Amino acid sequence: MTAQTSPTKQGSGPAPPRTRAHDHAELAAALGWTMGQLGRALAAGVLPAYDMKTPRWSARLVTEMLGRREELTAAIPDDADESELMTMLGIGHGDLRRGRDAEVIPAPDRPPYWTRALAEQLAARAEEIRAAIPPQPLGLRRCAELLAERTGLEVTDADVRVLEERGLTRVVDCYKKWDLYDVGALVALVGQEDGLATLTGIVADRQAWLADSITAEDAARWLGWHVRDLERVAAARGMTAGRFGRWARTDIAALTEDEALIERVRREQLLGPEQAAQHMEIRRRDFDYVVAAGWIRPVLHVTREVGVRKTVEVPLYQVGDLEDALAMPGVDWEAVRAVRPGQPSPLREHTRLPIARADAIRAFCAQLGHEWSVEVWPHYWNGGDRWEIDWEIREDGHPTKAEVAAALAAHRGARKYADQITLSTAVGQVIRWARECLRPGVAVVLDTETTGMDGVIIEIAVVDACTGETLLNTLVNPGTVPIEPGARAVHGITDAELQDAPTWQEVGPAFLQAVDGRRILAYNAPFDAGAVRATHRVAGLDVRDLPGPDRWDCLMRARSTWARIGRWLPLGGGHRALGDALDARRVLQAIGAPTERTRREVSV
């Protein structure tokens, strides 16, 4: 291989002086070199050192090198880089790396290049070098497959780990946190008679253990226990599991012969409330009476996840205690088991059940509503395991939050849950706001269709929030403002429909009259308020005549707050102004009438 020469003409006079510094790519282009030529020239010291703070050459030095271009080009050594050397040796990148790590392939003698003489010497020994390069290391599974293929044995990952523990192979690399093993050592091992015998013994030992042992789950089923019972008894007796967490069959068989142990463990088994009721063959409600009477007590509580980010404490009862309770004198258990669902429990004559939290809180809400003659709206928030209580406020401003808090503190059943109750939430505020807006003369509901997201109004409707009467419903000629294709695809209003429609100069006064002195409600109020303002401005009217931001309220935001969700819900009015305005008013009516039925209907 010979040094390449510049494709530019030589001897055509001195090169014009350069006016700025050059980096590697710029100098290679100026000299007519490839980046490979430039790299070899740098490694061999053919080029002068950088004379700038960054790896660059000044304009003066570049001009000098251009004047010596033929001399410098001839001095570029014919070295081999990694790609050329791999081609000469017939190997890949991984082989080159492993060959260099094992010192089978020498390091570059003119870094990062090999001189031509050394490269040709290595190429002459290519077959010898390829044979000496360590093989590609493999993970456990691939190593096991390789050994199985070479030996005919059923080798598994566990057998390779034993070989590692005995020092017969080692981890030589890793890939994505997975260990890679020395394949050369494994191949050499099974190539020897002693090594093959060692591997055969390892495989046989594993297979024998698997035949003589069982899993913890199978052992527990054999004993009629839970796995935790097996672990507890084993720890008390000094028993330990063997390889793979398996238990010797002889150890488990010995446990089955200890009848006293089997019975004691059976009686110590733990059941939750539902399982305990099933074990006693009584209803879950009757089991609550058994607990309330003090005939059984939980031996411990465990934490269980319920839903998202919520936990509950579940009591656990011993089987022996349940069976002892069934021997309680004076209780007709057959009569208890004979009651049908919904019928009162015969155990009522022995005890009373404590009032549940939900019943106590609902009783408080009923009392609060009766004493103040207002509606009360309790809500259970499952995610936080809390109750939220909101209420109607009379025209005289009562009951206040302080008055409700005082009533809660005085309520015999609910006061102990006060720290689990939130009074007066954003939902209650939205309900009261909606009811105020539904009063005569207080508010209007508005909707607009526009030429685009930042366009002007082409249709507007205003309806009375209280009565639903249409106060304004008209198309609006946008003048020279075109309708965007995306907007037209939504509302379907054509240019022909707008041709004879009134302009905003004509509609604007009617709009101001329709909303005069009232709150303006819209589904996505910021959009509609912005559209009114933009249309007024484009029409050349004074925007100071428009209602201020404090007069606008957003029904979409109010609906999401009321429904207790974190997303916006779509409106179903068909994307025409009057239909959307009337549908938005129905949302307002639903918020103002907070029953479970209307809440479900408007939240979907």
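Attention here is on the structure that accompanies the text. (Residues numbered from 1 in each chain as written. Predicted model: local features only at pLDDT ≥ 70, side-chain atom pairs only at ≥ 80, totals over all residues. Heavy atoms only, no water.)

**Focus: the sheet that holds strand E6 (residues 300–305)**
And step 1. In spatial order, the strands read E5-E7-E6; together these three strands make up an open sheet with antiparallel pairing. Both outer strands of the open sheet, strand E5 (270–271) and E6, are each paired with one neighbouring strand and no more.
And step 2. Sheet topology note: the E6/strand E7 (residues 311–318) ladder contains six bridges and is antiparallel. Looking at E7, one finds that Glu-305 is bridged to Thr-311. (Pairing = 2+ DSSP bridges. Helix = DSSP H or I, 4+ residues; strand = E, 2+ residues; numbered from the N terminus.)

**Looking at helix H29 (residues 577–592)**
And step 1. The end-to-end C-alpha distance of H29, which contains 16 residues, comes to 23 Å, matching closely the 22 Å that a straight helix rising 1.5 Å per residue would cover.
And step 2. Within the sequence span of H29, burial applies to Ala-577, Asp-580, Ala-581, Asp-583, Ala-584, Arg-585, Val-587, Leu-588, Ala-590, Ile-591 and Gly-592. (Expected span 1.5 Å × (residues − 1). Buried < 20%, exposed > 50% of the residue type's maximum accessible area, 1.4 Å probe, protein only.)

**Considering the environment of Leu-138**
And step 1. Structurally, Leu-138 can be placed in the loop between helix H8 (126–132) and helix H9 (140–151).
And step 2. Overall, Leu-138 belongs to the buried group, its relative accessible area being 15%.
And step 3. Expressed as a C-alpha distance, the spacing of Leu-138 and Gly-428, which sit 290 residues apart in the sequence, is 65 Å.

**Quick look at the packing of helix H13 (residues 216–223) against helix H15 (residues 249–256)**
And step 1. Remark: H13 packs on H15, axes separated minimally by 10 Å, with the N-to-C direction vectors making an angle of 20 degrees. Taken together, H13 and H15 sit at an angle that is classed as roughly parallel. As H13 runs across H15, the sense of the crossing is right-handed. Judged by residue contacts, Ala-219, Trp-222 and Leu-223 of H13 engage Arg-249, Ile-252, Ala-253, Leu-255 and Thr-256 from H15.
And step 2. A class-by-class count of the residues in the contact of H13 with H15 yields six nonpolar, one polar and one charged. (Axes fitted to C-alpha atoms, helices over the stretch in contact; angles between N-to-C directions. Parallel < 35°, antiparallel > 145°, perpendicular 65-115°, else oblique. Left-handed = near helix turned anticlockwise from the far one by under 90°. Contact = heavy atoms within 4.5 Å. Nonpolar A, V, L, I, M, F, W, Y, C, P; charged D, E, K, R; others polar.)

**Here we look at the pattern of salt bridges**
And step 1. Inspection of every chain in the model, using the stated rule, returns 39 salt bridges.
And step 2. Here Glu-323 and Arg-266 are joined by a salt bridge, their closest N and O atoms 2.8 Å apart. Of the two residues, Glu-323 is situated in helix H19 (residues 319–325) and Arg-266 in helix H16 (residues 259–268); the sequence distance between them amounts to 57 residues.
And step 3. Overlapping salt bridges, with partners in common, bring together Glu-263, Arg-266, Arg-267, Glu-323 and Asp-324 in one network. (Salt bridge = Lys/Arg side-chain N within 4 Å of Asp/Glu carboxyl O.)

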